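# Chain and residue survey
Here is how the chains run, residue by residue.
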Amino acid sequence: MERFGHLQAITVTPEDTATVVTVARQKFLNALNRMVLAELDFVLDVLLEDVPNKPLIITGEGSRAFVAGADIGEMVNMTPDEALAFSRFGQGVFSKLETFPSVTIAAVNGYALGGGNELAMACDIRIAAKNARFGQPEAGLGIIPGFGGTQRLARIAGKPNALDLILTGRVINADDALRIGLVHKVVDEGKALEESLSYSRAVLKNSPFALSQAKKAVSGAEPSGPGNGMSAEADLFSRCFAHHDQKEGMKAFLEKRRAKFQEEP
Ligand code: CO8
């Protein structure tokens, strides 16, 4: 697609049944930096104008990762104000994806951690390859999820599962993700995109208008809307950046060593 020719971290491939949007920073396991988010934002705006009724598939380049989270190298030296802005920007892009009028599918190949799981959760449907791995490991970096994860995970998998994953930071496999309702379907390794294209074919027989209305209706039926929770999440996320443990957690990751957190919270 010509309108997307200048993009550096995202590719857009029009297929018969869907538009495939791929996060393409394979060297960094497709970690989300500001450029990825800005390009995703731009792509969503263009698709909204050009092909709002066509299903959208989000995936990651290569087989190792869907998206391994927000870019830790970019976050390590953020001030609380910068973190607040980054969180709000990411939340805005993911909300745009969540409210996209057509059906959106995350084809999850490999790691979907932190911001990666948050990206997948902003889609309507999640199809996971057997090698997919899910988790919210932020607390091990001295922060909390900041792109809607505290809100969407609780809504999708229930508060107990959300707390379990966020408090332990543990990484679960595709079958466990299916068991807690985080994904809709598990397929063989290398087949997530193919299955997502076939899923889009199945919804194409339905009225696009009805689909867009159904999405609005279902999201309105959720007991706690995204409004206040999102704002609290962004504030709390930014506060982590005023604390020792965020610098220490992120530096430790980048220096490939174990973090030494403060004993008193
Ligand atoms: N950010 C930056 N670089 C990354 C990231 C990341 N999230 N994940 C992987 N990379 C890089 C590695 O540093 C490495 O680079 P290099 O080759 O230069 O050393 C390369 O990708 C390959 O990674 P590994 O060598 O670590 O590959 P492994 O197979 O050994 O491990 C893992 C794969 C388990 C996925 C491991 O890379 C890992 O633990 N990554 C970090 C996962 C993580 O903690 N994600 C959460 C990040 S925090 C977050 O997402 C918060 C979201 C809200 C943000 C709100 C805005 C402020």
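For the structure, see preceding data.
Residues numbered from 1 in each chain as written. Predicted model: local features only at pLDDT ≥ 70, side-chain atom pairs only at ≥ 80, totals over all residues. Heavy atoms only, no water.

From N to C terminus, the protein includes eleven helices and ten strands. Across its three principal directions, the C-alpha atoms of the protein cover 55 × 40 × 35 Å. Taken over 265 residues, the protein has a buried fraction of 49%. Sequence-distant contacts in the protein: of pairs separated by 6 or more residues, those separated by 24 or more amount to 74%. Working note: accessible area of the protein is about 12400 Å², and carbon and sulfur atoms make up 54% of it. Both charge centroids of the protein, one from 29 positive and one from 32 negative side chains, sit 3 Å from each other. (Helix = DSSP H or I, 4+ residues; strand = E, 2+ residues; numbered from the N terminus. Buried < 20%, exposed > 50% of the residue type's maximum accessible area, 1.4 Å probe, protein only. Contact = heavy atoms within 4.5 Å. Areas by Shrake-Rupley, 256 points an atom, 1.4 Å probe, with all protein chains shown as cover. Lys, Arg positive; Asp, Glu negative; His and termini not counted. Charge placed at Lys NZ, Arg CZ, Asp CG, Glu CD.)

Close to the ligand lie 27 residues, the nearest being Arg64, Ala70, Phe86, Gly115 and Phe237. A distance of 2.8 Å is found between an oxygen atom of the ligand and a backbone nitrogen or oxygen belonging to Gly115. Computed on the free molecule, the ligand has an accessible area of 1100 Å², of which 76% lies beneath the protein chains in the complex. Looking at the shell around the ligand, the elements with two or more residues in it are helix 2 (72–75), helix 3 (80–98), strand 6 (111–113) and helix 4 (115–121). It is helix 3 that contributes the most residues to the shell around the ligand, three residues altogether. Taken together, the residues of the shell around the ligand break down into 16 nonpolar, five polar and six charged. (Near = heavy atom within 4 Å. Polar contact = N/O pair within 3.5 Å; in protein donor to acceptor, adjacent residues only side chain to side chain. Nonpolar A, V, L, I, M, F, W, Y, C, P; charged D, E, K, R; others polar.)

Further remarks concern the sheet that holds strand 7 (residues 125–129). Strand order in the open sheet formed by six strands is 1-2-3-5-7-10, and the pairing between neighbours is mixed. Both outer strands of the open sheet, strand 1 (10–14) and strand 10 (185–187), are each paired with one neighbouring strand and no more. Each neighbouring strand pair of the sheet contributes to a mean axis angle of 20 degrees, computed without reference to strand direction. Where strand 7 lies against strand 10, three bridges are found, and the strand directions are parallel. Residue pairing in the sheet places Ala129 in a bridge with Val187 of strand 10. (Pairing = 2+ DSSP bridges. Axes fitted to C-alpha atoms, helices over the stretch in contact; angles between N-to-C directions.)

What follows deals with the pattern of salt bridges. Applying the stated rule across the entire model yields 16 salt bridges. Put simply, Lys96 and Asp45 hold a salt bridge, and the shortest N to O gap is 2.8 Å. With Lys96 in helix 3 and Asp45 in helix 1 (residues 34–50), this pair connects stretches of sequence that are 51 residues apart. Residue Lys96 is classed as partly exposed on the basis of its relative accessible area, which comes to 24%. Each of Asp41, Asp45 and Lys96 takes part in a single network of salt bridges with overlapping partners. (Salt bridge = Lys/Arg side-chain N within 4 Å of Asp/Glu carboxyl O.)

With respect to the element layout, Thr19 can be found in strand 2 (residues 19–23). Thr19 sits in the buried class, given a relative accessible area of 1%. Apart from the residues lying within four places of it in its own chain, the contact partners of Thr19 are Val12, Thr13, Leu47, Val51, Lys54, Pro55, Leu56 and Ile57.

This paragraph deals with the packing of aromatic side chains. What the rule picks out here adds up to four aromatic pairs. Relative to Phe241, the ring of Phe237 has its centre 5.1 Å away and its plane inclined at 45 degrees; by these criteria the two rings are tilted. What makes Phe241 buried here is its relative accessible area of 4%. One aromatic cluster is present, built from ring pairs that chain together Phe86, Phe94 and Phe147. The ring of Phe86 has Arg34 lying over it, and the distance from NZ or CZ to the ring centre is 5.7 Å. (Phe/Tyr/Trp six-rings, centres within 6.5 Å; stacked < 30°, edge-to-face > 60°. Lys NZ or Arg CZ within 6 Å of the ring centre and 35° of its normal.)

Right, let's talk about the environment of Gly158 for a bit. Turning to its location among the elements, Gly158 is positioned in the loop between helix 5 (149–157) and helix 6 (159–168). Along the primary structure Gly158 and Val21 are separated by 137 residues, whereas in three dimensions their C-alpha atoms are 28 Å apart.

What follows is about unusual backbone geometry. For Leu29, which is not glycine, the phi torsion reads 50 degrees and is therefore positive. Mapped onto the secondary structure, Leu29 falls in the loop between strand 2 and helix 1. One non-glycine residue, Lys256, adopts positive backbone phi at about 55 degrees. By the element assignment, Lys256 lies in the segment after helix 11 (244–254). By relative accessible area, Lys256 is classed as exposed at 78%.

Interpretation note: all reported values are geometric properties and have no functional meaning in isolation.
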